[in-house]
Amino acid sequence: MRKSLGVAVALFASLTGVLVPASPAQATGILAGKVIGIDPGHNGRNYTDPSFLNQQVWNGREWENCDTTGTQTRGGYTEHAFNWAIANYLAQQLIRAGAKVVWTRTSDTGIGPCVDRRARLLNYGHPNLSIDIHADGGPTTGRGFAILLPVADGPNNGVIKGSLHFAYYLRSRMVGMAGMPVSTYDGVNGFAYRSDLAGLNLTTQPKVLIECGNMRNSTDASLLGSKTWQLKAANAMVSAIVKTLVG
Ligand code: ZN
């Protein structure tokens, strides 16, 4: 955890569900009345409990591991810390714009929750839109971000269209505002349809999972590790959320 995020950590420390805007002024922002779900992938102490991570959870189509430790850059910057940083910047901006935020974990120093529980935690909060935040551990020569999209499976049937709608805006802003290219190795033109992930199979609200870049690629890694870029990425996400929900 970076020092600059101390305030955010304190702010979210007592959170288990919906974060309410702190003042009436904020409730009049462009996202007033909207609820956004944020799932920062993995967690800081996942590596300490392999048996917890290896427990099998039902993802709507098949059994999968509860979670993983996530990836990291060659320099040792971990994906869980990156996900947590982006999530905090994003949440701060959303709250400033008047939104409420539903959160799947309250620190970067815990274990879990499992991916099926993360999906349910967001469903319980009835967000208008949700985003699962990750970074990939791809081939070292591969660059760019990929947006993972749900495939209709029953519970998520009603959110396929809304998720794709959000994905289009998110893709354009990640390229235009954050300057990250679409993935050269994952999906097609930045989109990958995935039927093997609990977060997308179990969602009852429009949701995408974004792999913000490739931590194993040195060009991407230097962007992903930069606070300036992280703020740009959070801005891009906010812009896409506003465009999707407000127009
Ligand atoms: Zn991940």
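What you see is a predicted model, and the numbers here were worked out from it, not measured in a lab. (Residues numbered from 1 in each chain as written. Predicted model: local features only at pLDDT ≥ 70, side-chain atom pairs only at ≥ 80, totals over all residues. Heavy atoms only, no water.)

A. Spatial organisation of the state of the cysteines. Applying the stated criterion across every chain, the model contains one disulfide. With a sulfur-sulfur separation of 2.2 Å, Cys66 is cross-linked through a disulfide to Cys114. Taking the sign of the S-S torsion, about -95° here, the bridge from Cys66 to Cys114 comes out left-handed. Taken together, the residues span a long stretch of sequence, with Cys66 in the loop between β4 (63-65) and α3 (79-96) and Cys114 in the loop between β5 (100-103) and α4 (115-124) at a distance of 48 residues. For Cys66, a relative accessible area of 0% puts it in the buried group. Accessibility expressed as a relative area gives 8% for Cys114, which makes it buried. (Disulfide = S-S within 2.5 Å. Helix = DSSP H or I, 4+ residues; strand = E, 2+ residues; numbered from the N terminus. Buried < 20%, exposed > 50% of the residue type's maximum accessible area, 1.4 Å probe, protein only.)

B. Representation of the coordination of the zinc ion. Listed as protein donors to the zinc ion are His42 (NE2), Glu79 (OE) and His134 (ND1); their distances from the metal cover 2.1 Å. In the primary sequence, the donor residues of the zinc ion line up as H-x36-E-x54-H. Of this pair, Glu79 sits in helix α3 while His134 sits in strand β6 (residues 129-136), placing them 55 residues apart in sequence. Given the relative accessible area of 3%, Glu79 is considered buried. (Donors = N, O, S within 2.8 Å, 3.2 Å for Na, K, Ca; no water.)

C. Representation of the side chain of Asn217 within the structure. Topologically, Asn217 is positioned in the loop between β9 (207-214) and α7 (218-224). Only 2.9 Å separates the side chain of Asn217 from the backbone oxygen of Thr140, close enough to count as a polar contact. In contact with Asn217, not counting residues within four places along its chain, are Thr140, Thr141, Gly142 and Arg143. (Polar contact = N/O pair within 3.5 Å; in protein donor to acceptor, adjacent residues only side chain to side chain. Contact = heavy atoms within 4.5 Å.)

D. Local environment of the pairing of strand β8 (residues 191-194). For strand β7 (residues 146-150) and β8, the ladder comprises four bridges, and the chain directions are parallel. The residue bridging Ile147 from the neighbouring strand is Phe191, located in β8. Taken together, β7, helix α5 (residues 160-176) and β8 form a β-α-β motif whose crossover is right-handed. (Pairing = 2+ DSSP bridges. Right-handed = clockwise from strand over helix to strand, strands pointing away.)

E. Spotlight on the side chain of His134. In this structure His134 comes out as buried when scored by relative accessible area, which is 12%. Among the polar contacts listed, one links the side chain of His134 to the side chain of His42, at a separation of 3.2 Å. Not counting the four nearest positions on each side in its chain, His134 is found in contact with Gly41, His42, Glu79, Phe82, Asn83, Leu209, Ile210, Glu211 and Cys212.

F. Up close: the confidence of the model for the protein. The share of residues in the protein with pLDDT of 70 or more is 89%, and the mean pLDDT across the chain is 91. In the predicted structure, residues 1-16 sits below a pLDDT of 50 and forms 26 contacts with residues beyond four places in sequence or in another chain. (pLDDT = per-residue confidence, 0-100.)

G. Representation of unusual backbone geometry. Each neighbour pair has its own omega, and for Gly112 with Pro113 the value is -5°, a cis peptide bond. With respect to the element layout, Pro113 can be found in the loop between β5 and α4. You will see that His42, though not glycine, has its phi angle at about 65°, which is positive. With relative accessibility at 7%, the residue His42 sits in the buried group. If you check the backbone angles, Asn189 has positive phi at about 50° while not being a glycine. The residue Asn189 is located in the loop between α5 and β8 in this model.

H. Quick peek at the layout of surface pockets. Within this model, the largest pocket holds a volume of roughly 460 Å³. Lining the largest pocket are 26 residues, with His42, Val115, His134, Leu197 and Leu209 sitting closest to its centre. Contributing elements (two or more residues each) for the lining of the largest pocket: β4, α4, β6, α6 (198-201) and β9. In terms of residues, the lining of the largest pocket owes the most to one element, β6, which gives four residues. Across the lining of the largest pocket, the residue classes tally to six nonpolar, nine polar and 11 charged. (1 Å grid on protein atoms, 1.4 Å probe; cavity = no way out; pocket = protein on both sides within 12 Å on 5 of 7 lines; lining within 4 Å. Points joined across faces, edges and corners; volume = space filled by probe spheres on them. Nonpolar A, V, L, I, M, F, W, Y, C, P; charged D, E, K, R; others polar.)

I. Layout of the environment of Ser226. Summarising the element assignment, Ser226 is placed in the loop between α7 and α8 (227-245). On the basis of relative accessible area, Ser226 is assigned to the partly exposed category, the value being 22%. C-alpha of Ser226 to C-alpha of Phe82: the two residues are 144 residues apart in sequence and 9.7 Å apart in space.

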